[in-house]
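Listed here are the chains, written in short residue letters.
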Amino acid sequence: MDYSVTPMKLPSPAKLNLFLHITGQRSDGYHDLQTLFQLTDLCDTLSFSTNQQNRITITPEIASLATTDNLIFKAANLLLPYRQNDSHGVDIVLEKQLPMGGGIGGGSSNAATTLLALNTLWQCDLPLSKLAEIGLNLGADVPVFVMGKSAFAEGVGEQLQPVELDTPYFLILKPNCHVSTGQIFTDKHLTRDTPPIKISHALSLGGRNDCLDVVLKHNPDVNEAYLWLKNHGDAKLTGTGACLFLTFDNQQDAERLRASTPDKWQTWVCQGCNLSPTHIALNQWIEKNKGLLAH
Ligand SMILES: C[C@](O)(CO)[C@H](O)COP(=O)(O)OP(=O)(O)OC[C@H]1O[C@@H](n2ccc(N)nc2=O)[C@H](O)[C@@H]1O
Ligand SMILES: Nc1ncnc2c1ncn2[C@@H]1O[C@H](COP(=O)(O)OP(=O)(O)OP(=O)(O)O)[C@@H](O)[C@H]1O
C-alpha cells in the first residue's frame, strides 16, 4: 500500500494550563500536578508523506535543534516497532508557528500529532491509550494531545478526565526569554503542597498557577510582561511559562488589546476548543481515504 499520493496534513495545536496546582513531589523528583488543559486552535502544521526508502526526514530543520533531538523524530522512532508496512518511511514537513519552550506545549503537540498520523499511515492501529503511554516517554504533556480533548489532569499530567469547557478567545503573549522548566521545578521556594481538589471544583476555580512567583523571580522579562498584562485583566501563566495569557468573551476585544501590545513581545489571538483540531482533521482524512485503508 502506498499512501504517498495522499499526503496527510494535520494541525498540531497549543494548550493552555487554565490553572496549575502542584500537590506534591514524587520520589523520582517529578512533581504531582493538578491542571486544567484547554486545547486551542493556534497550531503548527505537519504534513506526512510515506516513502518507500525506509527513511524518516523532517524539513525544514529547526535551528539549533538536531533532527535526532526533534520530538517529531523521536515519536516516529518510538512507533517503528509497531509498523505493519515494513518498508515504509515518512517525509515530514513542519510549518512551525508555536513558540518553542513557551509553556504552550508545541513540542509535545508535534510529537502527539506524529504518533496519531503514523498510527494510521503505518497501519499500527494502536488504541489512543497505548499511543498516550508511548508519548508519555517523550514528555508529560504528550498524552493530552494524543487523547485530543480538553481535560482535567492529575499525576504528571497523564491521568486525564475530559471536560467540556467554555471556548473563549485568548490573547497569548510571549516575553523575550526562555524559561527552564527544570529550573522552576527545582527552586526550593516553589509551592509544592497545594491541597488536592476534586474535579467538580476544578471548573469553577479562579486559575492560580503555583509556578508563577518563582517564574517571575527568575525572569525579569516575564515579570515586566505580567505587570503590563495585569493592567488589562486577569493575566495568567501557562505551564512554567514564558507565555502569559488573558481570556476574552469575543475576538474583537482580544484583537484590540493585541494591537496595543508593545512590539517587543510576540502575541497571538486564538480560541479555546474542546476537541483537538488534529483529531478533526485526521478523521476527515480517514473518511476521505477509506478505500485506500481497506486494502
Ligand atoms: C508544566 C507543564 O507544562 C504543565 O503542563 C508540564 O508538566 C511540563 O512538562 P514537560 O515540558 O513535558 O516537562 P518535561 O520535559 O517532562 O520535564 C522537564 C523537567 O521538569 C521537571 N518536572 C517536570 C514535570 C513535572 N510534573 N515535574 C517535574 O519535576 C523535571 O525536573 C524534568 O526534568
Ligand atoms: N518539534 C519540536 N517543536 C518544539 N520544540 C521541540 C521540538 N522537538 C524538540 N523540541 C525541544 O523541546 C523543548 C520544549 O518544547 P515545547 O515547545 O514543547 O515547550 P513548552 O511549550 O514549554 O512545553 P511544555 O508546556 O510542555 O513545557 C524545546 O525548547 C526544544 O528544545
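Residues numbered from 1 in each chain as written. Chains lettered and ligands numbered in written order. Predicted model: local features only at pLDDT ≥ 70, side-chain atom pairs only at ≥ 80, totals over all residues.

Chemist: Where do I start with the overall build of the protein chain in this structure?
Modeler: Secondary structure summary: the protein chain contains 11 helices and 10 strands in total. Dimensions of the protein chain along its principal axes, counting C-alpha atoms only, are 55 × 45 × 40 Å. A separation threshold of at least 6 residues defines the contact pool for the protein chain, and within that pool the share at least 24 residues apart is 74%. (Helix = DSSP H or I, 4+ residues; strand = E, 2+ residues; numbered from the N terminus. Contact = placed C-beta atoms within 7 Å.)

Chemist: Is there a simple way to think about the site of ligand 1 in this case?
Modeler: Around ligand 1, the surrounding shell holds 19 residues, and the nearest of these are His31, Gly139, Ala140, Phe185 and Gly239. At the level of secondary structure, the elements contributing two or more residues to the shell around ligand 1 comprise β1 (8-25), β2 (31-51) and α5 (181-186). Counting the residues that make up the shell around ligand 1, at least three belong to each of domain 1 (8-163 + 276-294) and domain 2 (169-273). (Near = placed C-beta within 6 Å. Domains from an automatic or database assignment.)

Chemist: Would you explain the environment of His21 in this entry?
Modeler: Within the fold, His21 resides in strand β1. The class of His21 is buried, set by 24 C-beta atoms lying within 10 Å. Distance from His21 to Asp32, taken between C-alpha atoms, is 8.5 Å for residues 11 residues apart in sequence. Sequence-distant contacts of His21, defined by excluding residues within four places in its chain, comprise Leu33, Gln34, Thr194 and Asp210. (Buried ≥ 20, exposed ≤ 12 C-beta atoms within 10 Å, placed from the backbone.)

Chemist: Mind showing me how you'd approach helix α2 (residues 106-121) here?
Modeler: Three- or four-residue spacings in an α-helix give side chains the same orientation, since the helix completes a turn every 3.6 residues. The end-to-end C-alpha distance of α2 is 22 Å, a good match for the 22 Å that 16 residues give at a rise of 1.5 Å each. Among the 16 residues of α2, 15 are classified as buried, and the element is accordingly described as predominantly covered. (Expected span 1.5 Å × (residues − 1).)

Chemist: Where do I start with the packing of α2 against helix α3 (residues 128-136) in this structure?
Modeler: Packed helix pairs are characterised by how far apart their axes lie and by the angle those axes make with each other. α3 packs onto α2 with a crossing angle of 140° between their chain directions and a minimal axis gap of 10 Å. The angle between α2 and α3 places the two elements in the oblique class. Here α2 and α3 pass one another in a crossing that is right-handed. On α3, the residues that touch Ala111, Ala112, Leu115, Leu116 and Asn119 of α2 are Leu131, Ile134 and Gly135. (Axes fitted to C-alpha atoms, helices over the stretch in contact; angles between N-to-C directions. Parallel < 35°, antiparallel > 145°, perpendicular 65-115°, else oblique. Left-handed = near helix turned anticlockwise from the far one by under 90°.)

Chemist: How should I be thinking about the UniProt feature "active site" (unreviewed entry) in the protein chain in this particular structure?
Modeler: Following the UniProt record, one finds the feature "active site" (unreviewed entry) at Lys15 and Asp141. Look at the named residues: they lie 127 residues apart in sequence, but the longest C-alpha span between them is just 9.0 Å, so in the fold they bunch up. Note that Lys15 resides in strand β1. Contact partners of Lys15, with chain neighbours within four places excluded, come to Phe37, Gln38, Leu39, Thr40, Ile104, Gly105, Asp141 and Val144. Along the polypeptide, Asp141 turns up in the loop between α3 and α4 (142-147). With 27 C-beta atoms packed within 10 Å, Asp141 lands in the buried category. In contact with Asp141, not counting residues within four places along its chain, are Lys15, Gly105, Ser108 and Gly157. (UniProt positions renumbered as here; feature names shortened; annotations may be inferred.)

Chemist: How should the UniProt feature "domain: GHMP kinase C-terminal" (unreviewed entry) in the protein chain be read in this particular structure?
Modeler: On the UniProt side, "domain: GHMP kinase C-terminal" (unreviewed entry) is annotated at positions that read residues 203-259 here. Secondary structure across residues 203-259 comprises 47% helix and 12% strand; the distance between its end C-alpha atoms is 30 Å.

Chemist: I keep staring at the domain arrangement of the protein chain and nothing clicks. Help me out?
Modeler: Many descriptions give the size of an interface as the accessible area lost when the pieces come together. Looking at the assigned domains, one finds that the protein chain contains domain 1 (8-163 + 276-294) and domain 2 (169-273). The C-alpha-based centres of domain 1 and domain 2 are spaced at 23 Å. For the side of domain 1 that touches domain 2, the elements supplying multiple residues, two or more each, are β1 and β2. Sort the elements by how many residues they give to the side of domain 1 that touches domain 2 and β1 lands first, with 10 residues.

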